[in-house]
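Structure assessment
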Amino acid sequence: MMRRKTTLAAVRRTRAPAAPPARRRGLRRAAATALVLPVFAGGFALQAWGGRDGEQMFHEVVSRVATMGLDSLTDAQLYEKAARGLLVQVGDPYAELFSPEQLAEFSRMALRNSYTGVGMVITTVRDTATVTRVFSGSPAAQAGVQPGDRIVRVGGEPVTGIPLEAVTQKLLGTPGTRVEVDYVRHGTGPVHHSFTRERIRYPSVGYAVMVEPGIGYVPLESFNDTSGDEVMRALVSLRKSGATSYVLDLRGNTGGSLEQAVRIGSLFLRQGQQVLRADFRGAPDETYVARDAAVAPDAPLVVLTDGQSASASEIVAGALQDHDRAVVIGTTSFGKGLVQDVFPLEGGWALKLTTGRWYTPSGRTIQRPRRLTPEGRLVETPADSVTERPVFRSDAGRPVYGGGGITPDVLVQADTLVGAELALMRELAPRGGLVNEVLQEMAVDLGPTVAPDAVPGAAWREDLYRRLERRGLRVDPARYRAGAPLVDRLLEDRVLEFAYGDSAAFRRTIPRDKQLQSAIQVLRGARSQTEALARAAAAGVEAPRTRS
């Protein structure tokens, strides 16, 4: 029997984090209302049935729909709709019923776990699936596939113009099976290759770099099944490069595996220190502690958070904050203090259900109040508007706050757009998908020729403007010129990331990243975590209104 898997992935109906194409696409929730109409329409009948067994009532409703309903459905379809409708009615915003295909997509897209394929990320450029990233050591890497290669046939069938997910499904398959792929490379022409599918692990730490002498930087994108080992390797590599302090960047990380959160917390904590406590319904409560010897038990540490840092990210940030093991810098995190279990069902289906609530070592829950509207929309309290928060104490007696996300020790807002840049963004936002497509198109076209130190200028901006215009997006010329700094940043990030990888694009952002700069100031020259915490206290942050 397949073991249930505990997850804290922040799969939400609203406010889903922005994501690269084909990497973080959310799952569509089925419009399952099979139980809604019988409950309301049958209200009088329920009164007449009185004390009759609910299970019998349910089967009678299903039987009537199956035999007398105008629109015929198979028994399997009826029960699936009933199950999905039940999950809507119980009010659990994180509950999901997964078909085998949806379960595989959830594992691959939301949890970023391993999958079987050829090892490349694709997106649509001019109606053609185009490679944007190749995973090291994968069949695609071994075959010499490069970013910019355009896939035209898979398994002998043309794929130009079909939905991206359909192309992806053709590339996925069983380990050891083969798939024939034809692609076109700029300046080379058609290329044919037969790939043998392998197990592909999506890296959760794409790179780790020194942001200045002595300070190592580790960006963690997700908590998948290899995240703990990846963070450990990054820390060891940075230490060999001279790092004596670290920044762990959890911004935009929406969560994942509880076990991996414990593993990553263990890299910085002493053995036996508590990482979290979880209370479950229908199962014993559990306390999770640091199990292994820490890789960086004493090195000064900063954790960066924002409003999209959720669940597993909050477990790590909360544990390190409670034990005075890290300075948390940024903005208040998402506030998801619930645990979901994924239960295997017959036929490869699975049920994700909220089964518990977790608490940081100081005893605080960081769950933000949320509710489902009658239309099924998740409504929440904005991250930095909570005016009354319960106060707890860290190991050293510092105040830490519950009731709505992890409140940073140093509150630093991310850069916000103002003036001409804000006006331009408002004009582009309604067609954001198209703008992203055109930016990616420019990255593919410029990638083979752009220099690492290239600086966007008038020529790039004019090129982007013409491309947008050809695609039907007419931007006010004066507003576009006034918003030139925003356009330059968009172009720089996208083109350099495509041409030279994530780390090259990241390095260009360091001087303008206010939250990272604050982390560097706290860590620069700090000899201990105590010293880093003292610097953070001196920086000052207005505490929320509290209650005991």
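Residues numbered from 1 in each chain as written. Predicted model: local features only at pLDDT ≥ 70, side-chain atom pairs only at ≥ 80, totals over all residues. Heavy atoms only, no water.

Take the overall build of the chain next. Each helix and strand counted, the chain has 18 helices and 25 strands in total. Burial statistics for the chain: of 548 residues in total, 50% are counted as buried. Once local pairs closer than 6 in sequence are excluded, the contacts in the chain between residues at least 24 apart make up 70%. Total accessible area computed for the chain in this model is approximately 25500 Å², and 53% of it derives from carbon and sulfur atoms. (Helix = DSSP H or I, 4+ residues; strand = E, 2+ residues; numbered from the N terminus. Buried < 20%, exposed > 50% of the residue type's maximum accessible area, 1.4 Å probe, protein only. Contact = heavy atoms within 4.5 Å. Areas by Shrake-Rupley, 256 points an atom, 1.4 Å probe, with all protein chains shown as cover.)

A few words on the nonpolar core. In terms of nonpolar packing, the biggest core is built from 42 residues, with L248 and F268 touching the most fellow members. Those elements that place two or more of their residues in this core are α8 (227-240), β13 (245-249), α9 (258-266), β14 (274-280), β16 (301-305) and α10 (312-322). Sorting elements by how many residues they give to this core places α10 first, with six residues. Sequence-distant contacts of F268, defined by excluding residues within four places in its chain, comprise L235, L248, A294, A296, P297, L301, L320 and R325. (Core = buried A, V, L, I, M, F, W, Y, C linked by side-chain atoms within 4.5 Å.)

Looking at the element boundaries, A296 is found in the loop between β15 (286-289) and β16. Discounting chain neighbours no more than four positions away, the residues touching A296 are Y246, L267, F268 and R325.

Between helix α15 (residues 484-500) and helix α16 (residues 502-509), whose axes approach to 6 Å, the crossing angle comes to 145°. On α16, the residues that touch E492, D493, L496, E497 and Y500 of α15 are D502, A504, A505, R508 and T509. Across the contact of α15 with α16, the residue classes tally to four nonpolar, one polar and five charged. (Axes fitted to C-alpha atoms, helices over the stretch in contact; angles between N-to-C directions. Nonpolar A, V, L, I, M, F, W, Y, C, P; charged D, E, K, R; others polar.)

Taken in spatial order, the six strands make up an open sheet running β11-β12-β13-β16-β17-β24, and their pairing is mixed. A single partner strand is all that each edge strand has here, and the edge strands are β11 (209-212) and β24 (410-411). Here five bridges tie strand β12 (residues 215-219) to β13, and the two strands are oriented parallel to one another. Paired with P219 across the two strands is D249, which belongs to β13. (Pairing = 2+ DSSP bridges.)

Moving on: the pattern of salt bridges. Evaluated as defined, the whole model comprises 29 salt bridges. A salt bridge links D445 to R126, with the nearest nitrogen and oxygen atoms 2.5 Å apart. Of this pair, D445 sits in helix α12 (residues 432-446) while R126 is found in the loop between β4 (120-125) and β5 (128-134), placing the two residues 319 residues apart along the sequence. Here the residues in one salt-bridge network are R126, E437, E441, D445, D463, R467 and R471, joined through shared partners. (Salt bridge = Lys/Arg side-chain N within 4 Å of Asp/Glu carboxyl O.)

Here β5 lies mainly inside the structure; five of its seven residues are buried. The pairing of β4 with β5 spans six bridges and is classified as antiparallel. Considered in β5, the bridge of T124 is made with A129. Taken together, β4 and the strand that follows it, β5, pair antiparallel across an intervening segment of two residues, in which R126 is found at a positive phi of about 50°. For β5 and strand β6 (residues 150-154), the ladder comprises two bridges, and the chain directions are antiparallel. Residue pairing across strands places T130 opposite R150, the latter belonging to β6.

The final tally for this structure, using the stated rule, is six aromatic pairs. A ring pair is formed by F135 and Y202, whose centres lie 4.9 Å apart and whose planes are at 70°; its orientation type is edge-to-face. On the criterion of sequence distance, the pair formed by F135 in the loop between β5 and α6 (139-142) and Y202 in the loop between β10 (198-200) and β11 is long-range, its members being 67 residues apart. Residues F135 and Y202 agree in their burial class; the two are buried. Measuring from ring centre to ring centre gives 5.6 Å for Y207 and F506, while their planes differ by 40°; the resulting arrangement is tilted. One end of the pair, Y207, is in the loop between β10 and β11; the other, F506, is in helix α16, and 299 residues separate them in sequence. The burial state of Y207 is the same as that of F506; both residues are buried. (Phe/Tyr/Trp six-rings, centres within 6.5 Å; stacked < 30°, edge-to-face > 60°.)

Counted by the stated rule, this structure contains two cavities of 30 Å³ or more. If you add up the space inside the second largest cavity, you get close to 30 Å³. In terms of lining residues, the second largest cavity is bounded by L428, V435, L464, L468, Y480, V487 and L490. Mapped onto the lining of the second largest cavity, the elements with two or more residues apiece are α13 (458-470) and α15. Here the lining of the second largest cavity is built from residues that sort into seven nonpolar, no polar and no charged. (1 Å grid on protein atoms, 1.4 Å probe; cavity = no way out; pocket = protein on both sides within 12 Å on 5 of 7 lines; lining within 4 Å. Points joined across faces, edges and corners; volume = space filled by probe spheres on them.)

The share of residues in the chain with pLDDT of 70 or more is 86%, and the mean pLDDT across the chain is 85. Confidence drops under a pLDDT of 50 for residues 1-51, and excluding neighbours within four residues, the segment shows 115 contacts in the predicted structure. Confidence over residues 541-548 falls short of pLDDT 50; this stretch has 17 contacts with residues more than four positions distant or in other chains. (pLDDT = per-residue confidence, 0-100.)

The next subject is unusual backbone geometry. Phi angles above zero are rare outside glycine, and D127 is one such case at about 65°. Topologically, D127 is positioned in the loop between β4 and β5. For D127, a relative accessible area of 55% translates into the label exposed. Notably, S311 is not glycine yet its phi reads approximately 45°, a positive angle.

This paragraph deals with α15. For α15, built from 17 residues, the straight-helix expectation of 24 Å at 1.5 Å per residue is met to within 8% by its first-to-last C-alpha distance of 23 Å. For α15, the complete set of buried residues consists of A484, L486, V487, D488, L491, E492, V495, L496 and F498. Among the structural elements, β5, α11 (419-428), α12, α13, α14 (477-482) and α16 are those in contact with the buried residues of α15. Of the residues flanking the end of α15, it is G501, one or two places downstream, whose phi is positive at about 100°. (Expected span 1.5 Å × (residues − 1).)

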